[in-house]
Amino acid sequence: MLDAIGVESPDALLAVPDALKLREPLDVVPALPEYQIRRRLEGVAKRNGGVDAISFLGGGAYRHYAPPAISALAMRGEFLTAYTPYQAEVSQGYLQAIYEWQTYISLLTGMDLADASVYDGATALAESAIMAINATGRQRFLVSRAVHPNYRAVLTTYCDGLDVAVDEIPIAKNGTTDLAALAEALSSHEYAGVALQSPNFFGNVDTFDAAARDAISKHGVVPIAVVAEALSLAALAAPASWGAKIVAGEAQSFGVPLAYGGPYVGFIATVEEHIRRIPGRLVGKTVDNAGRAAYVLTLQAREQHIRRERALSNICTNQAHCALIATIYLALVGKTGLRDIAALNVERSRELATAVANAGARLPFSAPFFNEVVADVGRPAAEVLGELQKRGILGGLDLGRWYPEYANCMLMAATELTTTREIDALASNLKESMRARAVV
Amino acid sequence: MPAQSSDRTLSPLIFEMGQDGRANAYVERGKPLESFFPKDALRDDLPLPDNTELDVVRHYTRLSQRTFGIDMGFYPLGSCTMKYNPKINDALAGLREFAELHPFVPDELAQGALQVMYELERSLSSLFGMEAFSLNPAAGAQAELAALLVSKKYFRDRGETRRNKVIVPDTAHGTNPASAAMCGYSVISLRSDARGRVDPAEIRRVVGADTAVCMMTNPNTLGLFEERIHEIADAVHEAGGLMYYDGANANALMGNARPGDMGFDLMHLNTHKTFTIPHGGGGAGHGPLGVAKHLVEYLPVPYVVRDGDWFRLDFDRPKSIGPVRSFWSNFAHAVRALAYLYANGAEGLARVSQYAVLNANYLRVKVAEFLETPYAEICRHEFVASAQPLKKETGVRALDIAKALLDRGFMAPTVYFPLIVPECLMIEPTETESKETLDEFVEALREIVAAAKSNPQELFEAPVTTVVGRVDETRAARQPDLRWRPKPA
């Protein structure tokens, strides 16, 4: 090969100016044979005790059952090692799967169309806000404080770049967005869009009511629904039915591993009106040169590789493989299974709520909830969670981390995988923890 | 050698299959939702299909067979670094203790995950000459955005709010200018010189008090090394701007030279290119963002730190641009990238780059026997050929060559990019391909060029062995059909 190239050694191919030559040895992990890599990383993995605890953690990442058929299919090399399907003729299978994903998300949200995915729920919200900014030409955005705190933080990061101000709507006593405050905010400033999350960060159903919808339409604001627990879409009224024009969501619940936070899969669904503002890849159905039905990446004139600095988003690589996993999950569980799983989540979270209430915790919110519930434990939740952790229980999230006014509250999730025994263990330990404190 | 099965019957959509109630027993039956919610809070129908597991398995197996991955054949997609993805990486990422770990697990119960992130972060920092890396960004484009947000905050803190221009060479990836626009920066596009490089004199002409960042990749997308990178960096730095390294082409230099030593202040890596993470048909990616010392405090949160034997996620970084995603990282990919680092070590990675460059140059001289290669010199990991003379002679375009390669069992190269080369074919073989595979590819390409001269019609009609022929993209864009719709009852 060197002869063909006409050089004597490979070094000639990599010549760099003297100033760029490495001056010191690189400090990189050592090279190991494969069996030792396996042994080493298996050892490191064992230091993740969190997987063996009884867990009520949720907050935008949920432990659900994933049938093994998902990985058997999704991990096939044809899917796993493909690039973005630019060459449609040899990518029909993947393109069809993404077309199916776009359909599933459209049907679940009640929207006209959905994109091929974005990075995750938080960036879905940020990109939706950009859609609203582009649609209205306004530089101010409104978001409920009951939207996931991480999502709001990412929204702020993105909006900082665009010099867009972000205002927040307060939370009402029942644990949902204060819709009167929303209406008032809309009349005092010109907003591009307003975002609500349902179920919200506290697990509560939280939608625009008729008055909010009127105010939104009167002021020409783009209403956005955030969905951090996509399973809820199987049970609750679709965001389209309560007035959303854009739905920004996270579909990790559909078979995507928790994996310490990623990769997950965000989606954006919207109405026809915004079709040319939606970011990311879109798969469309068309025909080939013989008139046969075929799939292809489409409306690419929106995208960075064509439009460069005039593109509406810079997204290139998205989360195709996670979207494929979610599509296969939805195909496997079907309508019947998805309904059952959603119903079991509701049932188990009611059982959990009853158990912690019986253990002496107060349930501060009265709004209906999906699979997460907030409990007030009467003293800093961080302390109670620490005590539970010593007994092998991850009781939930300390709300004080994001909401100082709820420092005594914890957010707990129950899914179809949560057992009565786990709930009993939590409740009895919680009771003990609360009583021990009361005596002091 | 047809690329795929020649079965040309359309696969039904999953929505057109199955029967209501054909449920798989993954969970028990749930109680009616009406017992828990007021009726108006519930949806009235859920128009999704019910299919048996067998039918679903057959459906997606069939779809997989209509998809071309690296595991099936040569994938010379320029700038995408489609190298072999070792299976051990997936096995390790799939370990229960990694795959089932919730992101809100307290640090003390996630020490293994944090150690993975820490080891990867430290290794990348040394390998590329950066002070620190953030593993947060979900892909290269998001890392670019995060980097430009870092620059914006950095300049704001220094009271230099007039810096609003980003300089991008005309050979740059489209994400560079698009990311700049998302930060409110305007873009100065820089013309490459006759040798396909950025001329430092040209940089000196455009830099000034309004320069924020100059975004470059080295080697550039023509596969050429920018030897005068120091002069370019000096010019940008003297004007008070920052240098950004687009790491999409890092496979050409890792272990041999470091962006940090070239004067870059910020950079990203596409570990789904360079570090063998499977691309998954368009993600998930993983785009670590590296910075020099003066920018560390601006990195996105959280950042993994080590206190003695303990690792923790640090959120308390007041100057940070904030988080850029829901959770901490595409962690499963961090596991894969670390496994790849362990498989190679520093010396192995240097050898990876050497073989990638060797393979690219071998292909370059072979392809030059029958196609124009506009920059006839030693290239790095990739090179460009142009079908412009062939098009003039025969009417056959780069696109026709690409489609004819599909018929011969190869993925097509990147075409029509970079934009400065007419009828461009951008070819990147990577280090993991054997000489035999490269030779087969060369012969296929030689045969196509010969066919262009003897029977161009054959190429205009390609591909003919794939499940569909050339697709009508215009119709797709004019009459967007982006989803299946249920038939009205």
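Residues numbered from 1 in each chain as written. Chains lettered and ligands numbered in written order. Predicted model: local features only at pLDDT ≥ 70, side-chain atom pairs only at ≥ 80, totals over all residues.

To continue, consider the overall build of chain B. Counting its secondary structure elements, chain B contains 16 helices and 12 strands. For 489 residues, the compact-globule formula gives about 23 Å, and the C-alpha radius of gyration of chain B, at 25 Å, lands near that figure. Dimensions of chain B along its principal axes, counting C-alpha atoms only, are 70 × 70 × 45 Å. Here chain B holds 489 residues, and 59% of them are scored as buried. (Helix = DSSP H or I, 4+ residues; strand = E, 2+ residues; numbered from the N terminus. Rg over C-alpha atoms; globule rule 2.2 N^0.38 Å. Buried ≥ 20, exposed ≤ 12 C-beta atoms within 10 Å, placed from the backbone.)

Counting secondary structure elements, chain A contains 13 helices and 14 strands. A globule of 440 residues ought to have a C-alpha radius of gyration of about 22 Å, and chain A, at 25 Å, matches this closely. In terms of overall dimensions, chain A has a C-alpha envelope of 85 × 60 × 50 Å along the principal axes. For chain A, the residues scored as buried account for 63% of the 440 residues in total.

On to the environment of Q96 of chain A. Locating Q96 of chain A in the fold gives a position in helix α5 (residues 92-109). For the pair formed by Q96 of chain A and V205 of chain A, sequence separation is 109 residues and the distance between their alpha carbons is 34 Å. Excluding residues within four positions of it along the chain, Q96 of chain A makes contact with Y295 of chain A together with S11 and L63 of chain B. (Contact = placed C-beta atoms within 7 Å.)

Take the packing of helix α8 (residues 179-188) of chain A against helix α9 (residues 210-218) of chain A next. Residue and element names in this part refer to chain A. The contact between α8 and α9 brings their axes to 10 Å, and the two run at 10 degrees. When the axes of α8 and α9 are compared, the pair comes out roughly parallel. Crossing geometry of α8 relative to α9 is assigned as left-handed. Within the contact between the two elements, α8 uses L179, L182, A183 and L186 and α9 uses A211, A212, A215 and I216. For the contact of α8 with α9, a count of residues per class yields 8 nonpolar, no polar and no charged. (Axes fitted to C-alpha atoms, helices over the stretch in contact; angles between N-to-C directions. Parallel < 35°, antiparallel > 145°, perpendicular 65-115°, else oblique. Left-handed = near helix turned anticlockwise from the far one by under 90°. Nonpolar A, V, L, I, M, F, W, Y, C, P; charged D, E, K, R; others polar.)

Backbone torsion omega between N218 of chain B and P219 of chain B reads -5 degrees, so that peptide bond is classified as cis. Relative to the helices and strands, P219 of chain B resides in the loop between β4 (211-216) and α8 (229-238). Of the consecutive residues V301 of chain B and P302 of chain B, the connecting peptide bond is found in the cis state with omega at -5 degrees. Note that P302 of chain B resides in the loop between β7 (289-291) and β8 (303-307). One non-glycine residue with positive phi stands out, namely Y260 of chain A, at about 55 degrees. For Y260 of chain A, the location among the structural elements is in the loop between β7 (246-250) and β8 (266-270). With 32 C-beta atoms packed within 10 Å, Y260 of chain A lands in the buried category.

On to the domain arrangement of chain B, then. Assigned domains within chain B: domain 1 (14-64), domain 2 (88-344) and domain 3 (348-475). Computed over C-alpha atoms, the centres of domain 1 of chain B and domain 2 of chain B are 42 Å apart. (Domains from an automatic or database assignment.)

Glancing now at the confidence of the model for chain B. Reading fine detail from the predicted coordinates is not recommended where pLDDT is low. Residues and elements named next belong to chain B. Across chain B, pLDDT averages 95, with 98% of residues at or above 70. Low pLDDT, under 50, characterises residues 1-6; the stretch is placed with 18 contacts to residues that sit more than four places away or in other chains. The ipTM value of the predicted complex is 0.97, and its pTM value is 0.97. (pLDDT = per-residue confidence, 0-100.)

On to the interface of chain A and chain B. The interface is formed by 153 residues belonging to chain A together with 165 residues belonging to chain B. Among the elements that line the side of chain A that touches chain B, the one with the most residues is helix α11 (residues 320-358) of chain A, at 22 residues.

Take the nonpolar core next. Across soluble globular proteins, you tend to see nonpolar side chains buried next to one another. In terms of nonpolar packing, the biggest core is built from 330 residues, with V226, A326 and I328 of chain A together with V150 and Y244 of chain B touching the most fellow members. Counting residues per element, this core draws most heavily on α11 of chain A, at 22 residues. Here A326 of chain A is in contact with W101, A251, F254, G255, V256 and V265 of chain A, once residues within four sequence places are set aside. (Core = buried A, V, L, I, M, F, W, Y, C linked by C-beta atoms within 7 Å.)

Let's shift gears to the sheet that holds strand β11 (residues 372-376) of chain A. Residue and element names in this part refer to chain A. Reading across from one edge, β11-β14-β13 is the order of the 3 strands in this open sheet, with antiparallel pairing throughout. Each of the sheet's edge strands pairs with one partner strand only, and the pair in question is β11 and β13 (397-398). Of the pairings in the sheet, the one linking β13 to strand β14 (residues 409-413) comprises 2 bridges and is antiparallel in character. Counted as the bridge partner of L397 is L411 from β14. Its contacts with the sheet put α11 on β11 and β14, and the angle it makes with β11 is roughly 5 degrees. (Pairing = 2+ DSSP bridges.)

The next thing to look at is the domain arrangement of chain A. Residue and element names in this part refer to chain A. The domains assigned to chain A are domain 1 (51-65 + 334-439) and domain 2 (69-328). A separation of 28 Å is found between the C-alpha centroids of domain 1 and domain 2. The interface is formed by 25 residues belonging to domain 1 together with 24 residues belonging to domain 2. If you list the elements that add at least two residues to the side of domain 1 that touches domain 2, you get α11 and β11. Among the elements that take part in the side of domain 1 that touches domain 2, α11 stands out by supplying 7 residues, more than any other. The residue inventory of the side of domain 1 that touches domain 2, partitioned by class, reads 17 nonpolar, 5 polar and 3 charged.

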